[in-house]
Amino acid sequence: MTTPADDALPPACTCPTPWEHLVAVIEGRRLRARPAATLGPAAALYRAQCAACGAPYPGHWRLAPGQRLNL
């Protein structure tokens, strides 16, 4: 097995405190997210990203407390 080229890897968060604030854009709404040990229901369908620089979050995440999907 070979390692992917550097340009194939997702960009890392370049913020002073990486991954401090995560958001997920779901149905046009920006919902707060948080890192998690396991995949949350929304994370199975959507991606989270850094709220400041927009880098895609590479780990498991869940919606932050108080955030709801009203689809």
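Every value quoted in this text rests on a predicted model; they were computed, and no experiment measured them. (Residues numbered from 1 in each chain as written. Predicted model: local features only at pLDDT ≥ 70, side-chain atom pairs only at ≥ 80, totals over all residues. Heavy atoms only, no water.)

Of all hydrophobic cores here, the largest spans 11 residues; its members are L22, A24, I26, L31, A33, A42, A43, A48, Y57, W61 and L63. Take this core: its biggest share by element is three residues, from strand β1 (residues 22-26). Contacts of L63, omitting those with residues within four sequence positions, involve I26, L31, R32, A33, R34, A42 and L69. (Core = buried A, V, L, I, M, F, W, Y, C linked by side-chain atoms within 4.5 Å. Buried < 20%, exposed > 50% of the residue type's maximum accessible area, 1.4 Å probe, protein only. Helix = DSSP H or I, 4+ residues; strand = E, 2+ residues; numbered from the N terminus. Contact = heavy atoms within 4.5 Å.)

With antiparallel pairing, four strands are arranged side by side in an open sheet as β3-β1-β2-β4. Strand pairing shows two members of the sheet lacking a second neighbour, β3 (48-50) and β4 (61-63), which therefore form its edges. Across the sheet, the axes of successive neighbouring strands diverge by a mean angle of 45 degrees, strand direction being ignored. In the sheet, β1 pairs with β3 via three bridges, with the strands oriented antiparallel. (Pairing = 2+ DSSP bridges. Axes fitted to C-alpha atoms, helices over the stretch in contact; angles between N-to-C directions.)

Across the five residues that make up β1, a large majority, four, are buried. Strand direction decides the pairing type here: β1 and strand β2 (residues 29-35), joined by five bridges, are antiparallel. Across the sheet, residue V23 finds its bridge partner in β2, namely R32. In textbook terms, the turn of a hairpin is the stretch between consecutive antiparallel strands, and for β1 and β2 this stretch comprises two residues, one of which, E27, has a positive phi near 55 degrees.

As a further point, take the packing of aromatic side chains. This structure, assessed with the given rule, holds one aromatic pair. The interplanar angle of 80 degrees and the centroid separation of 5.1 Å between the aromatic rings of W19 and Y57 together place this pair among those described as edge-to-face. Taken together, the residues span a long stretch of sequence, with W19 in the segment before β1 and Y57 in the loop between β3 and β4 at a distance of 38 residues. Taking the relative accessible area as the measure of exposure, W19 reaches 22% and is therefore partly exposed. Among the residues examined, Y57 registers a relative accessible area of 14% and is labelled buried. (Phe/Tyr/Trp six-rings, centres within 6.5 Å; stacked < 30°, edge-to-face > 60°.)

Two faces, one strand: in a regular strand the side chains alternate between the faces of the sheet. Alignment of β2 against β4, held across three bridges, turns out to be antiparallel. Counterpart to R34 in the pairing with β4 is R62.

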